[in-house]
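As a plain string of letters, each chain reads:
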Amino acid sequence: MSLLPEPSTFEKRYSDDEKLASELPDRPITSLRDLQYVYGRLYTLATAGGGEYAAYLTPEKSTDLFDESESLLYLRVDLSKDKPRLDPDQPIGVESYGKEKVEAVAHSWYNAAKGFDHSVTHRTGKNKEPEKVAEYLHERLTAWAADDVIQEAVADHEDGWIVDALAELGESEGLRERIETAVDEQLDGKTTALTTVAVKPEPDGEYLLPGEASSVFNEAMRARKRSKLVSKGEATNSIGEATDLVTGNRGPTVGTAEDPLNYFLGKQLEKFPGFDPDEAWRTHPVSEDVAVTLMNASTFVDACDYYTMGANVYYLPYFFGRLQPTEARELYRMLYAVVREQDMTPIQHVYQQFQNDPALQEYGERFRFYVAAVMEHQTKRFDVFGDTLDGSLMSPVELIGSHIDVLESPLFDVHGDAERDTPELRPAFPAPESWDIFVPSEHALLGTLATGWYFEQTFASADDDDASADDYRIRALVAVLSGEPLDVETLLTEYVERLLEDEGESFPSFRVSAQYAQLCALAEAGLLTGREAYEPVAEPRQLTHDYSTHDMQQDTPARADGGNVAAARETKLEQFLEQTPALAEDQPERRGSFLLGALVGQVTGYQQVSEGRSTTLIDQYPIKAVTESKLKRLASDVLDKNIVYSRENNMAGTMYSEVVDRLVTTLPQIDIDGDWELDTTDLRFYYSLGVAYGMNNWTSSNDDEQADGQPAAEEEEA
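The rules behind these values
- Residues numbered from 1 in each chain as written.
- Predicted model: local features only at pLDDT ≥ 70, side-chain atom pairs only at ≥ 80, totals over all residues.
- Heavy atoms only, no water.
- Helix = DSSP H or I, 4+ residues; strand = E, 2+ residues; numbered from the N terminus.
- Buried < 20%, exposed > 50% of the residue type's maximum accessible area, 1.4 Å probe, protein only.
- Contact = heavy atoms within 4.5 Å.
- Areas by Shrake-Rupley, 256 points an atom, 1.4 Å probe, with all protein chains shown as cover.
- Core = buried A, V, L, I, M, F, W, Y, C linked by side-chain atoms within 4.5 Å.
- Expected span 1.5 Å × (residues − 1).
- Salt bridge = Lys/Arg side-chain N within 4 Å of Asp/Glu carboxyl O.
- Polar contact = N/O pair within 3.5 Å; in protein donor to acceptor, adjacent residues only side chain to side chain.
- Pairing = 2+ DSSP bridges.
- Axes fitted to C-alpha atoms, helices over the stretch in contact; angles between N-to-C directions.
- Parallel < 35°, antiparallel > 145°, perpendicular 65-115°, else oblique.
- Left-handed = near helix turned anticlockwise from the far one by under 90°.
- Nonpolar A, V, L, I, M, F, W, Y, C, P; charged D, E, K, R; others polar.
- Phe/Tyr/Trp six-rings, centres within 6.5 Å; stacked < 30°, edge-to-face > 60°.

> Tell me about the overall build of the protein, and name the residues and values.
Looking only at helices and strands, the protein has 30 helices and 13 strands in total. Counting all 718 residues of the protein, 58% fall into the buried class. Long-range contacts, defined here as pairs at least 24 residues apart, represent 74% of the contacts in the protein between residues at least 6 apart. Carbon and sulfur atoms provide 42% of the accessible area of the protein, an area that totals close to 30,300 Å².

The following block contains the structure:
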């Protein structure tokens, strides 16, 4: 159960713009800390309301105990006599904790394996034995009330005597045994509970829980929480006079505040060379109130992250500039939905709201995201793989839109609705329905992208399950989510490494097809960048003309190597080459590598179906065989093999002459010993692309056969 109110309730509670504006920062969001502060303020307003202690309380930490039996236990301490004592008739109170008790219990949780919570109210571990529960109750007096920080904080408070009396009672002989006996009598086995005290200051009064009894409990709680802000880890007293980095106000600042993203930790010395924990108030100065507000952001921050590829990806929505009251309500509605629904990534949630909310769409470019990938590689040690405040929802959405356009184009024809007079002529590349990357659904693809699976299907696999700074899959995900272009040279390297991993008994044509769909989508969305020889690869395909089957038949005469089918193949290949900048005539090395692969793929298809061969041309010339020095020799061997098959079929010309003619024309333009511009990785990718194209476009050399067979493609794992 969550204490977060419905957005409508939040809006009603804070309907006054002026009142809500007074609770929000009076400066623009320009840093991660500003954004966390806004999240913390919204959370505090929603769960604890206003007031000087609200930000220090953690009411959401124990909502799982609501309505559970024996989930609230408290010592009943009578302070109306000369000396404090446990109630003689009922020393222990046992109740079911519920929403109506939240304010009275006034719990402030402390994230520590050992020690006690900031408030006198302390949460037990899970399923504790009665003996352990009794120990927690006893420590409300001996540990909390007697703590030096607590004692100093209440010394000048008018009700400080209440805490002193609790500490005095804790020193009573035989008290621990009495508590154990009472707890054992009251509890029915193990329990998980909040343990606290209820005091009776007046003889005829009632027993009151901390939030009901006196502000002295919250004053002491705040003092203890502040002490942890200045003495965490190796710091002993990290506090000083400085300018708060969030509010811009000059005053006391603390240096070891907790951070929901773990960006600032005392152990991360490598991030802060020469870092002195006691001087952290200079390096990372925030006031006490800002520090606790940052900590309160954790509920919303944690809801807006998800785990993928060994790292936590954070995707935090916000409005650029100073947050206005209407925007604060919109942001709360958005964060509330993400907290409540766990079946989608925050990207999917926010986009769904964006689609359905015209008011949200009107904000346009002011609607931004903080994006980062963070990995915990040791306890309390974290690596940040990249972060930006300039993320745009439109970047991943536009990429998905471009991806769907590519899938629905003649390249893949995922809907299978293209009209063809030559139905045996397939789309340029295969698009297996079992692969998520070929599903032409905006919602499905957005999930595929958000979870990182979009790149896991196409990039090289990681060496282990842990993320690393060298994992380009994570870097690519963060870049795409934030609208930063990817380096196409690095992209091709990832693609080829994955193909070499997959290349085994069968050629990974589905993998190549997925990579090319992704490459085209990234280029179309403006998310690729290339230098010099790689600039053409980064350019989107030139979809300038809709070539119909009628065009194919009218513009190209029937061919001796396959009649109308061959004519259609030729026009289709010409169209593909014309529309692909990377394969233009002024790119002979890449074009030659692709055409060689296409011929290998087509001859392989012929060998598998017409010859029934198990060992084919692609087995003889795998991806790893392609290098700059071998390209022309490999092409010569393949051309010779194609001629042999053409003669065996008594053909007037050569099989697949649409490829052969262009390959023969292109090869002389390649000067292997001269100014070679491409590296082996580039050649191998386009060779692989050619093979996938050829295998998917193989048809019989005999026009009468109409080539209803196709080369066998084994099912590949995504």
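> I'd like a rundown of the nonpolar core, residues and numbers included.
Core analysis: the largest hydrophobic core is formed by 149 residues, its most contacted members being Phe367, Phe429, Leu486, Leu519, Phe576, Phe594 and Tyr686. Top contributing element to this core by residue count: helix H22 (residues 509–524), with 10 residues. Other than its neighbours up to four places away in sequence, phenylalanine 367 contacts Pro317, Tyr318, Phe319, Met334, Val350, Phe354, Leu360 and Leu393. Core analysis: the second largest hydrophobic core is formed by 34 residues, Leu86, Val133, Ala165 and Ala220 among them.

> Go over helix H14 (residues 325–340) with me, naming the residues and quoting the values.
A rise of 1.5 Å per residue sets the reference length of H14, with its 16 residues, at 22 Å; its end C-alpha atoms lie 23 Å apart and thus fit the reference within 8%. All buried positions along H14 are accounted for by Pro325, Glu327, Ala328, Arg329, Glu330, Leu331, Tyr332, Met334, Leu335, Tyr336, Val338 and Val339.

> Tell me about the pattern of salt bridges, residues and numbers included.
A complete count under the given rule lists 31 salt bridges for this structure. Measuring nitrogen to oxygen at the nearest pair gives 3.3 Å for the salt bridge that ties arginine 226 to glutamate 288. Placement of the pair is arginine 226 in helix H10 (residues 216–230) and glutamate 288 in helix H12 (residues 288–296), with a sequence separation of 62 residues. The closest approach of N and O atoms between glutamate 574 and arginine 662, which form a salt bridge, is 2.6 Å. With a gap of 88 residues between them, glutamate 574 in helix H25 (residues 563–579) and arginine 662 in helix H29 (residues 657–666) connect regions that are remote in the sequence. Assessed through its relative accessible area of 28%, glutamate 574 is described here as partly exposed. When its relative accessible area of 13% is taken as the criterion, arginine 662 is described as buried. Salt bridges sharing partners connect three or more residues here, namely Lys132, Glu135, Arg176 and Glu180.

> Describe the side chain of histidine 138, and please don't skip the residues or the numbers.
Relative to the assigned elements, histidine 138 resides in helix H5 (residues 130–145). A relative accessible area of 13% means that histidine 138 is categorised as buried. With residues up to four places along the chain from it excluded, the contact list for histidine 138 reads Gly170, Leu175, Arg176 and Ile179.

> Please set out the side chain of arginine 498 residue by residue, giving values where relevant.
Looking at the element boundaries, arginine 498 is found in helix H21 (residues 488–502). For arginine 498, a relative accessible area of 8% translates into the label buried. In this structure the side chain of arginine 498 is engaged in a polar contact, spanning 2.7 Å, whose partner is the backbone oxygen of glutamate 456. With sequence-adjacent residues up to four places away left out, arginine 498 is seen in contact with Glu456, Gln457, Thr458, Phe459, Ala460, Ser461, Arg511, Gln515 and Ala718.

> Please give an account of unusual backbone geometry that cites residues and values.
Phi is positive for asparagine 127, which is not a glycine, with a value near 50 degrees. Among the structural elements, asparagine 127 can be located in the loop between strand S4 (122–123) and H5. Judged by relative accessible area, asparagine 127 falls into the partly exposed class, the value being 44%. The phi torsion at glutamate 532 lies on the positive side, around 50 degrees, for a residue other than glycine. Residue position: glutamate 532 is located in the loop between strand S13 (528–529) and helix H23 (535–538).

> Let's hear about the pairing of strand S7 (residues 250–254): which residues, and what values?
Across five bridges, strand S6 (residues 239–243) lies against S7 in antiparallel orientation. Bridging from a neighbouring strand, isoleucine 239 pairs with valine 254 of S7.

> Outline the environment of threonine 627, supporting the account with residue identities and numerical values.
Examined against the element boundaries, threonine 627 turns out to sit in the loop between helix H27 (617–620) and helix H28 (631–648). Threonine 627 sits in the buried class, given a relative accessible area of 17%. Separated by 55 residues in sequence, threonine 627 and aspartate 682 place their C-alpha atoms 9.8 Å apart. In this structure, threonine 627 is in contact with Thr680, Leu683 and Arg684, ignoring residues within four places of it in sequence.

> Describe in detail the environment of aspartate 387, supporting the description with residues and values.
One can find aspartate 387 in strand S11 (residues 381–391). Of the residues examined, aspartate 387 reaches a relative accessible area of 41% and is grouped as partly exposed. Taking the C-alpha atoms as reference points, aspartate 387 and alanine 372, 15 residues apart in sequence, are found 4.1 Å from one another.

> Let's hear about the environment of leucine 639: which residues, and what values?
As for its placement among the helices and strands, leucine 639 is situated in helix H28. Between the alpha carbons of leucine 639 and leucine 599 there is a distance of 8.2 Å; along the sequence they are 40 residues apart. Not counting the four nearest positions on each side in its chain, leucine 639 is found in contact with Leu599, Val660, Leu663, Val664 and Leu667.

> Residues and numbers for the packing of H14 against helix H15 (residues 346–356), please.
How two helices sit against one another is set out by the angle between their axes and by the gap between those axes. With their axes 10 Å apart at the nearest point, H14 and H15 run at an angle of 135 degrees to one another. As the angle between them shows, H14 and H15 are arranged oblique. The chirality of how H14 crosses H15 is right-handed. Counted together, Arg333, Met334, Ala337 and Val338 of H14 and Pro346, His349, Val350 and Gln353 of H15 form the full contact between these two elements. Across the contact of H14 with H15, the residue classes break down as five nonpolar, two polar and one charged.

> For H15, give the residues involved together with the corresponding values.
Across the 11 residues of H15, eight count as buried, placing the element largely inside the fold. Those residues of H15 not exposed but buried are Pro346, Ile347, Gln348, His349, Val350, Tyr351, Gln353 and Phe354.

> Before we move on, can you summarise the packing of aromatic side chains with the specific residues and values?
Aromatic ring pairs are described here by two measures, namely the spacing of the ring centres and the angle between the planes. Following the criterion strictly, the structure yields 30 aromatic pairs and no others. Both rings, one in tyrosine 39 and one in phenylalanine 300, keep their centres 6.2 Å apart while their planes meet at 90 degrees; by these two values the pair is edge-to-face. A residue pair is termed long-range when its members are at least 10 positions apart, and tyrosine 39 in helix H3 (residues 32–47) and phenylalanine 300 in helix H13 (residues 298–303) qualify at 261 residues. Residue tyrosine 39 is classed as buried on the basis of its relative accessible area of 0%. Their ring planes at 35 degrees and their centres at 5.5 Å tell us that phenylalanine 319 and phenylalanine 367 sit as a pair that is tilted. Here phenylalanine 319 is found in strand S9 (residues 311–319), whereas its partner phenylalanine 367 is found in strand S10 (residues 367–378), with 48 residues between them in sequence. Judged by its relative accessible area of 4%, phenylalanine 367 falls in the buried class. Within the aromatic cluster, the residues linked to one another by ring pairs are Phe412, Phe429, Trp435, Phe438, Phe510, Tyr516, Phe576, Phe594 and Tyr693.

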